[in-house]
Amino acid sequence: MANCGNPLTGLLPINDLGAGTYLGFQGGLYSGGLNRLPAPHDQAGRIIAADLAADLDAGQPFAFAVIGFSGTNRVWNEFEPLWNAHPHTQKAIKLLNLCLAGTSADDLANLSSPYWTGFVPGALLTAQVPAGAVRVVWVQTSVPPPPTAFPGHAQALQAYLVSALQNIKSFFPNCRIAYLTSGHYHGYANTTGLEPYVYEQAFGVKWVIEQQISGDPVLAFHGPSRVSPWIAWAGYPWTDGDTPRFDGLFMECPADFIADGSHPSTAGSIKCASVLFNDLLDDWTAKTWMLDGPVGGGAGDPIPPTQTGN
């Protein structure tokens, strides 16, 4: 059973941490302790989103795929009903589940892994979706808890994500946007050592996004040297157990977890799916292609200077 009596970590989610630091590393989803995209990267994402919306309007095949492990699959199963129930989501977009239990970042980083050579081709065939139709992906991944201390394992995730994003672009040549996130709270798990490990993995996601924003050519997302989708955060779900974070999110034990205390229950999955869905609704790089009009969230003018957020 879930270990609901385990002590909490006392840590602040990185979107609450802001300009504060964890073991010497600054919080915030993006650089400077901020939770919004730097304006140039935001604007680049909006341009790509407008191109995607034009492709959709022209009737070109369009799939939004999820890549991840079993926990990601549980969240996606609750995300799809949110998408289908919303009156303005583009129903011509195919939601494609490419989650495989046990798949970790090193599998995604290896284009010769069974995930890429067997599972994904089979899933595309079953769904009758060509690889070229995948335009956007949401990726939630991690590396198994290693013996290395922080920041080593987060840096390993960063390196794996670079290769994974290149593989996504190689396998799905028309994929233009990848939204990334790390895991939810695992401190109630009946497997020891998962916190603060999962918390720390968020820094690997943060750093790979910063790496692209800084212009590293291994993550180039435009021009003839393009090797990666444009990337940003979406759906960051970590909160220190039942301690609410700034937006009110908390994960309650046992209600939000199945018996292993690690995977989210239906209730917990709905919470995580709602964070993802609301993030997308509040992001002009997403709502531009996912909605049939400029509705359903967001703030400011139709072309505000940056995303909303702290």
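Residues numbered from 1 in each chain as written. Predicted model: local features only at pLDDT ≥ 70, side-chain atom pairs only at ≥ 80, totals over all residues. Heavy atoms only, no water.

Draft legend 1. A look at unusual backbone geometry. Residue Pro196 follows Glu195 across a cis peptide bond; omega there is 10 degrees. With respect to the helices and strands, the residue Pro196 is situated in the loop between strand E6 (177–181) and helix H7 (197–213). For the bond from Cys253 to Pro254, the omega torsion is 10 degrees, close enough to zero to count as cis. Of note, Pro254 is situated in the loop between strand E7 (230–233) and helix H8 (266–281). Residue Leu23 is not a glycine yet carries a positive backbone phi of 50 degrees. On the secondary structure map, Leu23 appears in the loop between strand E1 (21–22) and strand E2 (25–26). (Helix = DSSP H or I, 4+ residues; strand = E, 2+ residues; numbered from the N terminus.)

Draft legend 2. Highlighting the pattern of salt bridges. What the rule picks out here adds up to five salt bridges. We note a salt bridge from Lys206 to Glu210, for which the minimum N-O separation is 3.2 Å. On the criterion of helical spacing, the pair formed by Lys206 and Glu210 is a turn pair, its members being four residues apart in helix H7. Where Asp256 meets Lys271, a salt bridge forms, and the shortest distance between an N and an O atom there is 2.8 Å. With a gap of 15 residues between them, Asp256 in the loop between E7 and H8 and Lys271 in helix H8 connect regions that are remote in the sequence. The class for Asp256 is buried, based on a relative accessible area of 3%. (Salt bridge = Lys/Arg side-chain N within 4 Å of Asp/Glu carboxyl O. Buried < 20%, exposed > 50% of the residue type's maximum accessible area, 1.4 Å probe, protein only.)

Draft legend 3. Structural view of helix H6 (residues 152–171). Its 20 residues give H6 an end-to-end C-alpha distance of 28 Å, which sits within 8% of 28 Å, the value for a rise of 1.5 Å per residue. Listed as buried for H6 are His153, Ala154, Leu157, Gln158, Leu161, Val162, Ala164, Leu165, Asn167, Ile168 and Lys169. (Expected span 1.5 Å × (residues − 1).)

Draft legend 4. Looking closely at the pairing of strand E3 (residues 63–68). For E3, the tally of buried residues reaches six of six residues, placing the bulk of the element in the interior. Alternating positions in E3 separate into two faces, Ala63, Ala65 and Ile67 on one and Phe64, Val66 and Gly68 on the other, with burial throughout. The pairing of E3 with strand E4 (residues 94–99) spans six bridges and is parallel. Each bridged residue has a counterpart across the sheet, and for Ala63 the counterpart in E4 is Lys94. One crossover worth recording links E3 to the parallel E4 by way of helix H3 (residues 70–85), and it is right-handed. Both E3 and strand E5 (residues 134–140) contribute to a ladder of five bridges, which runs parallel. Considered in E5, the bridge of Ile67 is made with Val139. (Pairing = 2+ DSSP bridges. Right-handed = clockwise from strand over helix to strand, strands pointing away.)

Function-wise, these values are silent; they only describe arrangement.
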